[in-house]
Amino acid sequence: MELSYQEKLTLIKLNELKKAKFDELVEKTGLDQVAAMRAVLWLQSKGLARLHEKSERIAKLTETGKKYAQIGLPEWRALKVLRKKGKVTLDDLKEVLSEDELKPIVGLLRKEGWASIRKEDGKLVLEITENGLKAEERAIDRALKLLAEKEAIPVSEIEDIIKVNDLKRRKIAEEDIVTERTVEITPEGEELVNKGLELKEEVSTLTPELIKSGKWREVEFKRFNIQAPVRRIYPGKKQPYRAFLDKIRRRLIEMGFIEMTVDSLIETQFWNFDALFQPQNHPAREWTDTYQLKYPKSGYLPNEELVERVKTAHERGIAGSRGWGYVWSPERAMLLMPRAHGTALSGRQLAKGVEIPGKYFTIQRVFRPDVLDRTHLIEFNQVDGFVVGEDLNFRHLLGILKRFAVEIAGAKKVKFLPDYYPFTEPSVQMSAYHPELGWVEFGGAGIFREEMTRALGIDVPVIAWGIGIDRLAMFKLGIDDIRYLFSYDLRWLREARLVW
């Protein structure tokens, strides 16, 4: 049987050990890990050795987790202050929490039921509850304690206490796969060694010197196994979510849509609400549903003629409408805010002028106050679009939405439900079925009301939609937590694949 120099060396050393961990065999032979693995695989293919592999998922603390193991989780540190004072503001918690820990602390305390939250004099006030006074060790606390005691713990052991994903979401722990390899010599291998194996110098290149000197007869030439496993290489690529957005953009352009673009993330309330026929006393315009800019506080209104038409639509109505029947305030319309929905750009485009018939879309970052969880973010992307034409109706809108959900989002099941939006009538909500999350709402749509389109200078039907593109990305990237779209998890960033 023909063996290379490295195979002979490995087999001789393995015969001395009989059975050994792979790392021990590497040290014994003096070969590097790749060369030793290549030799073992060749010996295994020839029936002279056996390679055994056992993989196990393990969990270990991140740097953040190690810090929490020493000083305690943020909610416990905050609770300690609450137990001492009874009632605190966020400023009071700055003594024990960092800026990054302050942001989610209200949600954490509310989720545990340890504090009630209300506003006093424009500030959030947290007051300890009965549950906060009686709070005891939770599953996450036990898991943190266990991880702090050991360097790494099998995931199965941790999941007897808490789901590892819950620890990963809080960046307390990270997951890894540890593979233990052992190698043993077979009876055939032992027999071959006992017969006597001659080790000759091994070379990988036939040089002129070897030929001239005749030394080529005394050496062994290195064999190459192109199927042997080697270290995986991760070349540079686009961030998976960024690649998804670019794909959506390309698909819409291929469908004949024109992209609407704007540089700023900041919008006046005029474009975000007023131009869309949303009254100034609508609850969605309050601080609980939208963010407001502190400085600068106000921007500028567009040309007077357009502003006058929008004002008339609100106060007295146009296109057969009686309007909202209140005194419209230009000062309120000038207030600045981070854009709350991409439909604001649709209003801008309609006022600027459009081709009739025409199809337009935009992919924009928008901002809304919300409780962060696996399906909600406070900063996310929306794809908004509209189609303008003389003979359009509601059936056209449903057809476009279904095509979008099935062809672009890859949804297997889609359903439509009646809904209400101030600027569309009729209106519809679209939901798609996710195998892990069930039915997920990811879009609202309708026909723009004439009170809006006439004020913006358009006198033909406009069908429009706004879709939470981040939720569609969950379908395509096979994830069940929307926060992973912006994750720094290197393993996910390397291995995530778009499925089209």
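Look up: the structure comes first, before these words.
Residues numbered from 1 in each chain as written. Predicted model: local features only at pLDDT ≥ 70, side-chain atom pairs only at ≥ 80, totals over all residues. Heavy atoms only, no water.

J.: How would you explain the overall build of the protein if you had to name every residue and give the values?
T.: Each helix and strand counted, the protein has 22 helices and 18 strands in total. In terms of overall dimensions, the protein is more spread out than a globule: its C-alpha atoms have a radius of gyration of 33 Å, far above the 23 Å expected for 500 residues. Its C-alpha atoms put the protein at 105 × 65 × 40 Å along the principal axes. Going through the 500 residues of the protein one by one, you find that 45% of them count as buried. The long-range share in the protein, meaning contacts at least 24 apart out of those at least 6 apart in sequence, stands at 68%. Accessible surface for the protein amounts to roughly 27500 Å². Of this, 50% is attributable to carbon and sulfur atoms. (Helix = DSSP H or I, 4+ residues; strand = E, 2+ residues; numbered from the N terminus. Rg over C-alpha atoms; globule rule 2.2 N^0.38 Å. Buried < 20%, exposed > 50% of the residue type's maximum accessible area, 1.4 Å probe, protein only. Contact = heavy atoms within 4.5 Å. Areas by Shrake-Rupley, 256 points an atom, 1.4 Å probe, with all protein chains shown as cover.)

J.: So, the sheet that holds strand β13 (residues 358-367): which residues are in play, and what are the values?
T.: Strand order in this open sheet of seven strands is β10-β13-β14-β18-β17-β16-β15, and the pairing throughout is mixed. Each edge of the open sheet is held by one strand with a lone partner, namely β10 (258-259) and β15 (414-421). Strand direction decides the pairing type here: strand β17 (residues 438-448) and strand β18 (residues 462-468), joined by five bridges, are antiparallel. Its bridge partner lying in β18, Gly 443 is registered against Ile 467. On the sheet, helix α14 (residues 240-254) packs against β10, β13 and β14 (379-388) and is oriented at approximately 160° with respect to β13. Across the sheet, helix α21 (residues 469-477) is in contact with β14, β16 (424-434), β17 and β18; its angle to β18 comes to roughly 60°. (Pairing = 2+ DSSP bridges. Axes fitted to C-alpha atoms, helices over the stretch in contact; angles between N-to-C directions.)

J.: Describe a nonpolar patch on the surface, naming the residues involved and giving the relevant values.
T.: A cluster of nonpolar residues, Leu 206, Ile 211, Trp 216 and Phe 221, forms a patch on the protein surface that exposes about 380 Å² of accessible area. Positionally, Trp 216 belongs in the loop between α13 (208-213) and β9 (220-221). Residue classification places Trp 216 among the partly exposed positions, given a relative accessible area of 36%. (Patch = residues over 30% accessible without salt bridge, like charges linked within 9 Å, V, L, I, M, F, W, Y side chains within 5 Å. Salt bridge = Lys/Arg side-chain N within 4 Å of Asp/Glu carboxyl O.)

J.: Can you break down unusual backbone geometry residue by residue, with the values?
T.: Following Tyr 295, the chain continues into Pro 296 via a peptide bond in cis, with omega recorded as -10°. Relative to the helices and strands, Pro 296 is located in the loop between α15 (269-272) and α16 (304-315). Each neighbour pair has its own omega, and for Ile 356 with Pro 357 the value is 0°, a cis peptide bond. Despite not being glycine, Phe 277 has its phi angle at roughly 60°, a positive value. Position of Phe 277 relative to the elements: it lies in the loop between α15 and α16. For Phe 277, a relative accessible area of 2% corresponds to the buried category. A positive phi is found at Ala 319, a non-glycine position, where the angle reads about 55°. By secondary structure assignment, the location of Ala 319 is in the loop between α16 and α17 (330-333).

J.: Can you explain the packing of aromatic side chains? Please cite residues and give values.
T.: Within this structure, the stated rule accounts for eleven aromatic pairs. Consider the rings of Phe 257 and Trp 465, whose centres lie 5.8 Å apart with planes at 85°: the pair is edge-to-face. Highlighted residues: Phe 257 in the loop between α14 and β10 and Trp 465 in strand β18, separated in sequence by 208 residues. The same class applies to Phe 257 as to Trp 465, namely buried. (Phe/Tyr/Trp six-rings, centres within 6.5 Å; stacked < 30°, edge-to-face > 60°.)

J.: Would you mind going over the environment of Arg 142 in detail, with residue names and values included?
T.: If you trace the backbone, Arg 142 turns up in helix α9 (residues 139-149). With residues near it in sequence (within four places) discarded, Arg 142 still touches Glu 137 and Ile 161.

J.: Help me get a handle on the sheet that holds strand β7 (residues 173-185), residues and values and all.
T.: Reading across the sheet, the four strands line up as β1-β7-β2-β6 and stay open at both edges, with antiparallel pairing between neighbours. Every other strand in the sheet has two partners, leaving β1 (19-21) and β6 (153-154) as the edge strands with one partner each. The sheet contact formed by strand β2 (residues 49-61) and β7 spans 13 bridges and is antiparallel. For Lys 54, the partnering residue across the bridge sits in β7 and is Glu 180.

J.: For the environment of Val 428, give the residues involved together with the corresponding values.
T.: Checked against the element boundaries, Val 428 lands in strand β16. C-alpha separation for the pair Val 428 and Leu 397, spaced 31 residues apart in sequence, amounts to 9.5 Å. Excluding anything up to four places from it in sequence, Val 428 contacts Phe 394, Leu 397, Leu 398, Leu 401, Phe 416, Leu 417, Asp 419, Tyr 421, Gly 443, Gly 444 and Ala 445.

J.: Please set out the side chain of Gln 269 residue by residue, giving values where relevant.
T.: If you trace the backbone, Gln 269 turns up in helix α15. Once residues within four sequence positions are removed from consideration, Gln 269 is found in contact with Asp 274, Arg 285, Gln 292, Arg 332, Ala 333, Leu 335 and Met 337.

J.: Can you lay out the nonpolar core for me, pointing to particular residues and giving the numbers?
T.: In terms of nonpolar packing, the biggest core is built from 40 residues, with Phe 244, Leu 252, Val 383, Leu 401, Trp 465, Ile 467 and Ile 469 touching the most fellow members. If you list the elements that add at least two residues to this core, you get α14, β13, β14, α19 (394-408), β16, β17, β18 and α21. The leading source of residues in this core is α21, at six residues. Sequence-distant contacts of Trp 465, that is, excluding residues within four places in its chain, are made with Phe 257, Val 383, Asp 384, Gly 385, Phe 386, Val 387, Leu 397, Ile 400, Leu 401, Gly 444 and Ala 445. (Core = buried A, V, L, I, M, F, W, Y, C linked by side-chain atoms within 4.5 Å.)

J.: Please provide a residue-by-residue account of helix α5 (residues 74-85), values included.
T.: In an α-helix, one turn spans 3.6 residues; hence positions three or four apart end up facing the same way. Helix length check: α5, at twelve residues, gives a terminal C-alpha distance of 17 Å against a target of 16 Å (1.5 Å per residue), a fit within 8%. Considered for burial, the residues of α5 that qualify are Pro 74, Glu 75, Arg 77, Ala 78, Leu 79, Val 81 and Leu 82. A positive backbone phi angle near 85° is found at Gly 86, which sits one or two residues after α5. (Expected span 1.5 Å × (residues − 1).)

J.: Go over the pairing of β16 with me, naming the residues and quoting the values.
T.: Taken across its eleven residues, β16 has eight buried, putting it largely inside the fold. Strand direction decides the pairing type here: β15 and β16, joined by seven bridges, are antiparallel. Bridged to Pro 418 within β16 is Val 428. Connecting β15 to the antiparallel partner β16 that follows it, the hairpin turn spans two residues.

J.: Describe in detail the pairing of β17, supporting the description with residues and values.
T.: Of all eleven residues that make up β17, nine are buried, and the element is covered over most of its length. As paired strands, β16 and β17 are joined by nine bridges and run antiparallel to one another. When the bridges of β17 are listed, Val 428 appears paired with Ala 445.

J.: Tell me about the pattern of salt bridges, and please be specific about residues and values.
T.: Here the structure, examined in full by the defined rule, presents 39 salt bridges. Glu 101 is paired through a salt bridge with Lys 67; the nearest N and O atoms lie 3.5 Å apart. You can see Glu 101 sitting in helix α7 (residues 99-112) and its partner Lys 67 sitting in helix α4 (residues 63-71), a full 34 residues away along the chain. Note on Glu 101: relative accessible area 5%, which makes it buried.

From the geometry alone we can't say anything about function, so treat these as descriptive.
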